[in-house]
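Structure assessment
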Amino acid sequence: MRNLKRAFWGALLLLVVLWLVAEPAIFRSATFFGLRGSMVQLTGVVAMGCMSLAMILALRPLWPQAWLGGLDKMYRLHKWLGISALVVSVIHWMWAKWPKWAVGWGWLERPARGPHAEIENPVAAWLTSQRGLAEGVGEWAFYAAVVLIALALIQRFPYRLFYKTHRLLAVAYLVLVFHAIVLMKFSYWKSPVG
């Protein structure tokens, strides 16, 4: 059980530390919307990291089983990572949506935007052009993943249906990977978190 907790908390800590290496400006953020942008990136990285690790464990690799104490412990880690992905992705969604709603309600003022700099890197330019699509499909995949993970946690949900619905998480995961690749700051790709 000790190795299980180490693996879980170590994975979360590693994701946060890797993000901090890529985003040291978080401590210099002077505005709410600057903090919001950083928090959206952090929660996105942690949620996708947890979901990616959970997906790897779903393949039942042999190498972590002995260290974690067996297949049952590995499945427990898979469950903890899935719950963490759910919680952090809900926080990610709140950081993305609530400030926009607060601006619409007049509670916050949208910051003035200056002119956008020309993007010279063709990969970065293409990723920027896919932003709207990635936001749209990512939001719907998030809603689907929330429902599917919630079904996995409901004890009364029949196993024969859980088995079928839980496999749909792989499809939602692939859509969320597209969402993450397009919307993650391009500068992160040069850092270990990328």
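Residues numbered from 1 in each chain as written. Predicted model: local features only at pLDDT ≥ 70, side-chain atom pairs only at ≥ 80, totals over all residues. Heavy atoms only, no water.

Helices and strands together make up the secondary structure of the chain, namely seven helices and zero strands. Along the first, second and third principal axes, the C-alpha atoms of the chain reach 55 × 35 × 35 Å. Within the span of the chain, comprising 194 residues, buried residues form 36% of the whole. If you sum the accessible surface of the chain, you get close to 12,500 Å²; carbon and sulfur atoms cover 68% of it. (Helix = DSSP H or I, 4+ residues; strand = E, 2+ residues; numbered from the N terminus. Buried < 20%, exposed > 50% of the residue type's maximum accessible area, 1.4 Å probe, protein only. Areas by Shrake-Rupley, 256 points an atom, 1.4 Å probe, with all protein chains shown as cover.)

This paragraph deals with the packing of aromatic side chains. Any aromatic ring pair is given by two values, namely how distant the centres are and how the planes are angled relative to each other. This model, assessed by the stated rule, comprises 13 aromatic pairs. Connected via pairs of aromatic rings, a cluster forms that spans W93, W101, W105, W107, W140, F142 and Y143. (Phe/Tyr/Trp six-rings, centres within 6.5 Å; stacked < 30°, edge-to-face > 60°.)

This part takes up the packing of helix 1 (residues 2-22) against helix 2 (residues 32-58). Taken N-terminus to C-terminus, the directions of helix 1 and helix 2 make an angle of 140°; their axes are 10 Å apart at the nearest point. Comparing their axes, helix 2 and helix 1 come out oblique. The two elements helix 1 and helix 2 meet at a crossing, and its hand is right-handed. Residue-level inspection shows A11, L12, L15, V16 and W19 of helix 1 in contact with helix 2, the latter providing S38, M39, Q41, L42, V45, V46, G49, C50 and L53. When its residues are assigned to classes, the contact of helix 1 with helix 2 shows 11 nonpolar, three polar and no charged. (Axes fitted to C-alpha atoms, helices over the stretch in contact; angles between N-to-C directions. Parallel < 35°, antiparallel > 145°, perpendicular 65-115°, else oblique. Left-handed = near helix turned anticlockwise from the far one by under 90°. Contact = heavy atoms within 4.5 Å. Nonpolar A, V, L, I, M, F, W, Y, C, P; charged D, E, K, R; others polar.)

Applying the stated criterion across every chain yields a total of four salt bridges. Note that D72 and K73 form a salt bridge whose closest N and O atoms lie 3.8 Å from each other. A salt bridge links K97 to E139; the shortest N-O distance between them is 3.2 Å. With a gap of 42 residues between them, K97 in helix 4 (residues 71-104) and E139 in helix 6 (residues 131-153) connect regions that are remote in the sequence. E139 sits in the partly exposed class, given a relative accessible area of 22%. (Salt bridge = Lys/Arg side-chain N within 4 Å of Asp/Glu carboxyl O.)

Mapped onto the secondary structure, H78 falls in helix 4. Of the residues examined, H78 reaches a relative accessible area of 18% and is grouped as buried. For H78 and I56, which are 22 residues apart along the polypeptide, the C-alpha to C-alpha distance reads 8.8 Å. When near neighbours in sequence (up to four residues on either side) are disregarded, H78 contacts A54, L57, A58 and H166. Among the polar contacts listed, one links the side chain of H78 to the backbone oxygen of A54, at a separation of 2.8 Å. (Polar contact = N/O pair within 3.5 Å; in protein donor to acceptor, adjacent residues only side chain to side chain.)

Before going further, it helps to examine the layout of surface pockets. Of the pockets and cavities examined, the second largest pocket occupies roughly 1,000 Å³. Of all the elements in the fold, those that place two or more residues in the lining of the second largest pocket are helix 2, helix 4, helix 6 and helix 7 (159-183). The element that contributes the greatest number of residues to the lining of the second largest pocket is helix 4, accounting for eight residues. Across the lining of the second largest pocket, the residue classes break down as 20 nonpolar, four polar and five charged. (1 Å grid on protein atoms, 1.4 Å probe; cavity = no way out; pocket = protein on both sides within 12 Å on 5 of 7 lines; lining within 4 Å. Points joined across faces, edges and corners; volume = space filled by probe spheres on them.)

This next bit is on the nonpolar core. W19, V46, L77 and L81 are the most contacted members of the largest nonpolar core, which has 36 residues in total. When residues of this core are traced back to their parent elements, those giving at least two are helix 1, helix 2, helix 4, helix 6 and helix 7. Those residues in contact with W19, other than ones at most four positions away along the chain, are I26, S38, M39, Q41, L42, V45, Y188 and V193. (Core = buried A, V, L, I, M, F, W, Y, C linked by side-chain atoms within 4.5 Å.)

Together, F32, L35, W98, W101, W105, W107 and L108 make up an exposed nonpolar region whose accessible area comes to about 790 Å². Taken together, the elements giving at least two residues each to the nonpolar patch come down to helix 2 and helix 4. Within the element layout of this structure, L35 appears in helix 2. With relative accessibility at 31%, the residue L35 sits in the partly exposed group. (Patch = residues over 30% accessible without salt bridge, like charges linked within 9 Å, V, L, I, M, F, W, Y side chains within 5 Å.)

For the rest of this paragraph, the subject is helix 6. Across its 23 residues, helix 6 extends 32 Å between first and last C-alpha, which sits within 8% of the 33 Å expected from 1.5 Å per residue. The set of residues buried in helix 6 consists of A134, G138, A141, F142, A145, L148 and I149. Those residues of helix 6 that are buried lie in contact with helix 4 and helix 7. (Expected span 1.5 Å × (residues − 1).)

Without other data, these values stay purely geometric and don't point to any function.
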